[in-house]
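In case you want the letters, here they are:
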Amino acid sequence: MEVGNYMKNVLIRIQEYKGTASETEKGIIAWITEHPQEASECSIQGLAQETFSSPATLIRFCHKMGFKGFKEFQKSLLYELAIRKETDRKRFEDIKEEDSLEEIVDKVTYKIYESADALVTALKGKSIDLCAHLTSSQTAQLDSDFQILEGTMNLVQAVYLNNAVAPFDNQQVRQALCYAIDRQSIMDMIADGHGTALGSSIYPAFTKYFLPELVQKYPYDPAKAKELLAQAGYPNGFDMTISVPSNYQPHMDTAEVVAEQLRAVGVNVTIQPMEWGVWYEQVYKGRDFQATLVGLDASAMTARALLERFTSDHAKNFVNYNNPDYDALFTQALNASDDTQQAEIYKQMETMLSDTAANLYIQDLADLVAMRQNLAGLEFYPIYVLDLSTVHFVK
């Protein structure tokens, strides 16, 4: 079975960065591109010697590429090289329902497509059996040989506002922007209506904590938005910049629609596309931004992972949300006597983020999967992952 995916791999990522890289970094990129296997295996001192750089320079380079450090970079590169080898090894045995997990894994070839057009061509050409994370325009091009399954990306897409920077340090301004956003229109325009509207920093897969009623906290009301902006001292609106990682088209598309909606209430929006490594360094780590449109997930699979990041002194609180009442609730959640009490406190935290308009919450993006009609068993999970252990061919 052939599985396709459209993603930016390590080698593509460093090539994209090459245009803004320093001369030393260009030397690093050239050597890694020519010797990827060696780069994935040598020590940081060895790579520094080969690239005429230093370990400190290499660590900074890895951070710019979005990695925590050199070891994570090497692991990702090793994984990519392993996938490439597996892609070259053609396997055509059918997956049977009685196969063990090991047998299923052995029969799957995982392909990475760096071009969205090439991916659609491969799907049309019958060389891929299953592909996830497609757009609605891509699935519309497929014929009846495929069944289209819909899950969600299990992330919180929002315009994340730097609460420490004017005018976003003004709660009334943030609330005004919330009223200016039409979530359903956004989903209609970028995904033919697919997606799940959100009103805070919990997505629906966390059923125990998710509060769908928060979506109605700020119904689409441009007149109300203008009224609040005037009360906050901005009767003629203001200028703002939304920084967006350019490697993820759904976020770029969403930013375009959001920008038009905000312009309608007098807010002059400039969209700033950013290469991922630059976004990570400047926006996420450096907190040097006004607003950014991305999706945040919960890699730890807990409500705490989604909510703790907005406590005042948390390292991941890149929006600089500062609310002593929110911090106090989090402390209560940690000391809760049982799971039920903790869940209720997390709901209070979720509600507080909405009440104070910490960010402009939009949606949990739809995850459209194309799967051949002769396959069955795919299950969706509340995390950004594709599990093939239950997929099998049917007669």
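The shown structure was predicted, so the numbers you read here are calculated from the model rather than taken from an experiment.

What counts as what
Residues numbered from 1 in each chain as written. Predicted model: local features only at pLDDT ≥ 70, side-chain atom pairs only at ≥ 80, totals over all residues. Heavy atoms only, no water. Helix = DSSP H or I, 4+ residues; strand = E, 2+ residues; numbered from the N terminus. Rg over C-alpha atoms; globule rule 2.2 N^0.38 Å. Buried < 20%, exposed > 50% of the residue type's maximum accessible area, 1.4 Å probe, protein only. Contact = heavy atoms within 4.5 Å. Lys, Arg positive; Asp, Glu negative; His and termini not counted. Charge placed at Lys NZ, Arg CZ, Asp CG, Glu CD. Salt bridge = Lys/Arg side-chain N within 4 Å of Asp/Glu carboxyl O. Axes fitted to C-alpha atoms, helices over the stretch in contact; angles between N-to-C directions. Parallel < 35°, antiparallel > 145°, perpendicular 65-115°, else oblique. Nonpolar A, V, L, I, M, F, W, Y, C, P; charged D, E, K, R; others polar. Pairing = 2+ DSSP bridges.

A closer look at the overall build of the chain
Item 1. Secondary structure assignment for the chain yields 17 helices and 13 strands.
Item 2. For 395 residues, the compact-globule estimate of 2.2 N^0.38 gives 21 Å, and the C-alpha radius of gyration of the chain, at 23 Å, lies within 12% of that figure.
Item 3. Each principal axis of the C-alpha atoms in the chain carries an extent, and together these give about 65 × 60 × 45 Å.
Item 4. Within the chain, buried positions represent 49% of all 395 residues.
Item 5. Nonlocal contacts in the chain, meaning residues at least 24 apart in sequence, comprise 73% of its contacts between residues at least 6 apart.
Item 6. Across the chain, the 34 positively charged side chains and the 54 negatively charged ones have centroids separated by 3 Å.

Regarding the pattern of salt bridges
Item 1. Within this structure, the stated rule accounts for 11 salt bridges.
Item 2. For the salt bridge of Lys-26 with Glu-23, the shortest nitrogen-to-oxygen distance reads 3.6 Å. One end of the pair is Lys-26 and the other is Glu-23, both in helix H2 (residues 23-34) and three residues apart, which spans about a single turn.
Item 3. Owing to a relative accessible area of 28%, Lys-26 belongs among the partly exposed residues under this scheme.
Item 4. Taking the shortest distance from any N to any O, the salt bridge between Arg-304 and Glu-308 comes out at 2.9 Å.
Item 5. In this structure Arg-304 comes out as partly exposed when scored by relative accessible area, which is 35%.

Considering the packing of H2 against helix H5 (residues 55-64)
Item 1. Two elements in contact, H2 and H5, have axes separated by 11 Å at closest approach and are oriented at 80°. When the interaxial angle is binned, H2 and H5 end up roughly perpendicular. Between H2 and H5, the contacting residues are Thr-24, Glu-25, Ile-28, Ile-29 and Ile-32 on the first element and Thr-57, Leu-58, Phe-61 and Lys-64 on the second.
Item 2. Considered class by class, the residues forming the contact of H2 with H5 number five nonpolar, two polar and two charged.

A short note on the pairing of strand S5 (residues 156-161)
It is a general feature of regular strands that their side chains alternate between the two faces of the sheet.
Item 1. The element S5 is extensively covered by neighbouring structure, given that six of its six residues are classed as buried.
Item 2. Burial of the side chains of S5 extends over both faces: Val-156, Ala-158 and Tyr-160 are buried on one face and Gln-157, Val-159 and Leu-161 on the other.
Item 3. Sheet topology places S5 next to strand S9 (residues 291-296); six bridges connect them, and they run antiparallel. What sits directly across from Tyr-160, in S9, is Thr-292.
Item 4. Pairing geometry for S5 and strand S10 (residues 359-364), over four bridges, is antiparallel. Note that in S10 the partner of Tyr-160 across the bridge is Asn-359.

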